[in-house]
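Here is what each chain is made of, one letter per residue.
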Amino acid sequence: VTSEIIPDRLYWICDRNPPRNRPQSFYFNIDDELVYEPFCSDFGPLNLGLTFKYCVELDNLMKNNDYASFKIFHYTTPIPPKRANAAYLIGAF
C-alpha cells in the first residue's frame, strides 16, 4: 500500500518487503527507533514526545536542501502495531 501524503513529495508505504531505491528518492523507517512502551497488551499510539520527535525530524528532512528534489517515503511493515503507529505518525505530521 502506498499513500501520497504531499503530492510529488511525501509518501507512506506499508509492505512486506523494503522498497527498492529509486533515483531521487529517500526511504526511511522508524519501526525500531520510535517504539511504544505498552501499559498492558496495547500497542499505541506513541506518546507526545515521540510524536514531536518524528514531526521535527521529518520537517527537517523535508527542508533539507540536499533532498529538495527528492521524493520522501516513510516505509513500514504490515505488522499491525507498527503499521498503526506509523500511520498515526504520518497523520500527525
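Look up a bit, the structure's there.
Residues numbered from 1 in each chain as written. Predicted model: local features only at pLDDT ≥ 70, side-chain atom pairs only at ≥ 80, totals over all residues. Heavy atoms only, no water.

### Here's the deal with the nonpolar core
Counting residues in hydrophobic clusters, the biggest one holds 17 residues, and the most contacted among them are Phe-28, Leu-34, Tyr-54, Leu-58 and Ile-72. At the level of elements, β2 (10–14), α1 (48–63) and α2 (80–92) are the ones that each hand at least two residues to this core. Of the residues forming this core, the biggest block, six residues, is contributed by α1. Apart from the residues lying within four places of it in its own chain, the contact partners of Phe-28 are Tyr-54, Leu-58, Leu-61, Ile-72, Phe-73, His-74 and Tyr-75. Listed in part, the five residues of the second largest apolar core include Tyr-11, Ile-13, Tyr-27 and Tyr-75. (Core = buried A, V, L, I, M, F, W, Y, C linked by side-chain atoms within 4.5 Å. Buried < 20%, exposed > 50% of the residue type's maximum accessible area, 1.4 Å probe, protein only. Helix = DSSP H or I, 4+ residues; strand = E, 2+ residues; numbered from the N terminus. Contact = heavy atoms within 4.5 Å.)

### Overview of the sheet that holds strand β1 (residues 2–6)
Reading across the sheet, the four strands line up as β1-β2-β4-β3 and stay open at both edges, with mixed pairing between neighbours. Each edge of the open sheet is held by one strand with a lone partner, namely β1 and β3 (25–28). On average, each strand axis in the sheet is tilted by 25° relative to the strand beside it, whichever way the strands run. Bridging between β1 and β2 involves four bridges; their strand directions are antiparallel. Paired with Glu-4 across the strands is Tyr-11, a residue of β2. Its contacts with the sheet place α2 against β1, β2 and β4 (71–76), and it is angled at close to 170° to β2. (Pairing = 2+ DSSP bridges. Axes fitted to C-alpha atoms, helices over the stretch in contact; angles between N-to-C directions.)

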